[in-house]
Structure formats: C-alpha cells, structure tokens
Amino acid sequence: MNKGLLIVVSGASGTGKGTVCKKLLDDMPKISYSVSATTREPRPGEKDGREYYFLSRERFEERISKNEFLEYAEVYGNYYGTPLNEIEMRLNCGEDILLEIDTQGALNVKKRCPESVLIFLLPPSLEELRKRIEGRGTETPESLERRFNAAKEEISIGKKYDYVVVNDTVEFAVEKIKSILTAEKCRTDRNSSCLFSD
Ligand code: ADP
Ligand code: 5GP
C-alpha cells in the first residue's frame with residue numbers, strides 16, 4: 001500500500017483557507033483533518049477539539065517540552081502547533097492528512113517530511129483580501145491591521161511552496177487542489193512498489 005499524502009495548506013489570513021479546506025474535506029471525506037492546538041481565544045462558534053484544541057500557554061509549553069508537536073510556531077502573538085500523535089502511523093496506513101498551518105510551520109514540516117505536499121493559497125488581490133478579512137467580522141481593528149500587514153510578507157514565502165492556488169472562487173480553488181492531489185498520487189516515486197522491474 002502507498003503511504004498517504006501529508007497535505008499542507010497555507011495562505012495569508014483571510015485568503016479563504018478555512019473555507020476552501022472545509023469544502024475539500026466535505027467533497028473528499030477520506031482525507032483527515034489534523035486539528036491543531038492553539039493558545040488563542042476561541043472565536044464565537046468555535047468548539048474545542050473541532051477547530052482547535054484550545055490550551056493555556058503553560059499547557060502548550062509543557063507539550064513543547066515533551067516533543068508532542070510535529071511543528072509549532074508563534075503566530076500573531078499566540079502559539080499554534082500540530083500534534084504529533086498518530087500522524088506517522090496514519091500516513092503509513094495510507095491515510096491522507098490535511099494540515100492548515102502558517103508558513104513557518106509549513107517549511108518546518110517540509111524539512112522533517114520532504115515528501116509532504118505544500119500548497120499556498122493566494123487571494124485574487126490585496127484589496128479583495130482586506131475585504132474578506134473585514135467581511136468575516138472576527139477581528140478587532142488592531143488585529144485586522146496586524147493580519148493585513150503580515151499578509152504581503154507571508155505571500156512572498158509562497159514561492160517556496162510546491163504549488164500556488166488562487167482562491168478566486170471556492171469551487172475552482174477546490175478543483176485545482178483535487179487535481180494537484182490526483183497528480184501527486186500518480187508520481188513515480190510514490191508508486192515504486194507498483195512498477196515492474198526491468
Ligand atoms: P482564512 O481561513 O484563510 O483566514 P476564511 O476561510 O475564514 O479565511 O475566509 C475569510 C472570509 O472570506 C470569509 O468570510 C469567507 O466566507 C470569505 N471567502 C473565502 N473564500 C472566498 C472566495 N473564494 N470568494 C469570496 N469570499 C471568500
Ligand atoms: P487563525 O487564528 O486565523 O485560526 O490562524 C492563524 C494562523 O495560524 C493561520 O495562518 C493558520 O494557518 C495558522 N495555524 C493554525 N494551526 C496551526 C498549526 O498547527 N501550526 C502552525 N504553524 N500554524 C497554524
């Protein structure tokens with residue numbers, strides 16, 4: 001059996017990662033979403049264990065010291081991390097796993113797991129990005145400015161990714177990601193056990 005894909009999606013805040021990943025997971029229920037841990041406060045409607053595991057700073061730092069994260073990073077003043085438990089075992093069982101994480105975390109995952117597939121989601125324009133963050137209505141004016149100002153720098157890191165996908169419409173962005181995953185599964189280096197020897 002081939003190993004599962006470790007799929008990493010990043011993009012500036014407000015690009016639509018959450019929206020696009022949700023539709024991808026609805027369309028492809030066999031892909032598992034890795035729920036991250038964070039020290040940020042839950043937003044209205046967010047549930048512990050569904051969007052994130054919401055931890056205190058002390059508890060998060062304790063888990064760092066026990067090497068319980070595949071990667072972690074400090075983003076906008078809060079910790080975010082990918083729990084390590086079971087990821088390796090699930091990939092070896094052929095399960096595809098989706099991580100929606102920031103650029104620092106993604107590049108660390110690539111170092112630890114070079115076969116991971118890094119996908120960078122881009123907004124159609126910076127004006128549209130600002131509209132989307134404002135339209136979501138979850139940020140204070142300060143936090144909106146902080147996220148928007150970080151966006152340009154984050155976007156420039158996109159060139160280190162394996163793929164870039166513009167989130168023009170959610171449907172088209174999801175279709176492009178599905179095509180990437182199909183192509184990745186057909187790579188010769190992921191199918192060596194199926195190839196005839198000469
Ligand atoms: P992120 O997870 O990248 O921070 P969200 O998924 O929360 O972004 O999306 C930010 C806002 O933009 C939300 O209000 C969402 O409904 C909207 N949005 C996402 N994708 C699109 C799109 N393709 N076209 C228009 N609005 C979108
Ligand atoms: P938000 O607060 O909007 O949910 O997320 C803020 C940023 O943290 C986003 O760029 C998101 O992708 C990133 N993030 C979420 N989970 C993780 C994680 O486990 N690790 C890292 N490095 N970043 C994460």
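Remember, it's a predicted structure, so these values are computed and weren't measured experimentally.

Q: Outline the site of ligand 2, supporting the account with residue identities and numerical values.
A: Neighbouring ligand 2 are 17 residues, the closest being Ser-36, Arg-40, Tyr-52, Tyr-80 and Asp-102. One of the side-chain nitrogen or oxygen atoms of Ser-36 is found 2.6 Å away from an oxygen atom of ligand 2. Within the contact set of ligand 2, an oxygen atom lies 3.1 Å away from a backbone nitrogen or oxygen of Gly-81. When isolated, ligand 2 has an accessible area of 510 Å², and the protein chains bury 96% of it. Elements with a minimum of two residues in the shell around ligand 2: strand E5 (69-75) and strand E6 (78-83). A class-by-class count of the residues in the shell around ligand 2 yields six nonpolar, four polar and seven charged.

Q: Could you give an account of the site of ligand 1, naming the residues involved and the relevant values?
A: Neighbouring residues of ligand 1: 14 residues in total, closest Gly-14, Lys-17, Gly-18, Thr-19 and Arg-136. Note that an oxygen atom of ligand 1 is positioned 2.9 Å from one of the backbone N or O atoms of Gly-18. In the environment of ligand 1, a nitrogen atom lies 3.4 Å from a nitrogen or oxygen atom belonging to the backbone of Val-170. For ligand 1, whose free accessible area comes to 570 Å², the fraction covered by protein is 73%. Broken down by secondary-structure element, the contributors of at least two residues to the shell around ligand 1 are helix H1 (17-27) and helix H5 (126-136). Residue classes in the shell around ligand 1 are distributed as two nonpolar, eight polar and four charged.

Criteria and cut-off values
- Residues numbered from 1 in each chain as written.
- Chains lettered and ligands numbered in written order.
- Predicted model: local features only at pLDDT ≥ 70, side-chain atom pairs only at ≥ 80, totals over all residues.
- Heavy atoms only, no water.
- Near = heavy atom within 4 Å.
- Polar contact = N/O pair within 3.5 Å; in protein donor to acceptor, adjacent residues only side chain to side chain.
- Areas by Shrake-Rupley, 256 points an atom, 1.4 Å probe, with all protein chains shown as cover.
- Helix = DSSP H or I, 4+ residues; strand = E, 2+ residues; numbered from the N terminus.
- Nonpolar A, V, L, I, M, F, W, Y, C, P; charged D, E, K, R; others polar.

By themselves, these are just geometric observations and shouldn't be taken as functional.
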